[in-house]
Amino acid sequence: MVWDKPTRFGMVYPTRGILVDPTSPAPDGLARLIGANRANILARLDTPLSTSQLVVVTGLSLGTVSDHLRVLLDAGAVSKRRSGREVLYWRTPLGVALAVGG
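Residues numbered from 1 in each chain as written. Predicted model: local features only at pLDDT ≥ 70, side-chain atom pairs only at ≥ 80, totals over all residues. Heavy atoms only, no water.

Visitor: Account for the nonpolar core, naming residues and giving values.
Guide: Membership of the largest hydrophobic core comes to 18 residues, with the highest contact counts inside it found for I41, L42, L45, L54, V65, L69 and V78. At the level of secondary structure, the elements contributing two or more residues to this core comprise α1 (28-34), α2 (36-44), α3 (51-58) and α4 (62-74). Broken down by element, this core gets its largest block of residues, four residues, from α4. Each residue touching V78, except ones within four places of it in the same chain, is listed here: L42, L45, L69, L72, L73, Y89, W90, R91 and T92. (Core = buried A, V, L, I, M, F, W, Y, C linked by side-chain atoms within 4.5 Å. Buried < 20%, exposed > 50% of the residue type's maximum accessible area, 1.4 Å probe, protein only. Helix = DSSP H or I, 4+ residues; strand = E, 2+ residues; numbered from the N terminus. Contact = heavy atoms within 4.5 Å.)

Visitor: Describe the confidence of the model for the protein, with residues and values.
Guide: Do not read the fine detail of predicted coordinates wherever pLDDT is low. Confidence along the protein averages 82 in pLDDT terms, with 73% of residues attaining 70 or more. Here strand β1 (residues 2-4) stands out as the least confident element of the protein, with mean pLDDT 50; α4 is the most confident, with 95. (pLDDT = per-residue confidence, 0-100.)

Visitor: Would you mind going over the sheet that holds strand β5 (residues 86-91) in detail, with residue names and values included?
Guide: The three strands are arranged β3-β5-β4 in an open sheet whose pairing can be described as antiparallel. In the strand order of this sheet, the two ends are held by β3 (49-50) and β4 (78-83), each with one partner. In this sheet, β5 lies alongside β3 in antiparallel orientation, the contact comprising two bridges. Across the sheet, residue L49 finds its bridge partner in β5, namely Y89. Contacts between α4 and the sheet are confined to β4 and β5, with β4 contributing the most and set at about 115 degrees to the helix. (Pairing = 2+ DSSP bridges. Axes fitted to C-alpha atoms, helices over the stretch in contact; angles between N-to-C directions.)

Right, here's the structure in full:
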């Protein structure tokens, strides 16, 4: 629970449901190199996904996913493009090489 007494409060709940997949498709070595959450996100981007879709499949918060995507984007491992109201992310050739070892 997060609050600023006495007038503000908020509760934060982790994402849950049938779409959350707690297992990471990322290779263990990649997780040790860039961190488990970033490796998990990068591994899931074999097809373009939005930030909201990544939140659902990883169980991470929106802010956490956005922060990790920014780091991966700055490193050149992912690209992004607006599609309607969403921004889609996918792996670059560097991201593919990291994620699948190719």
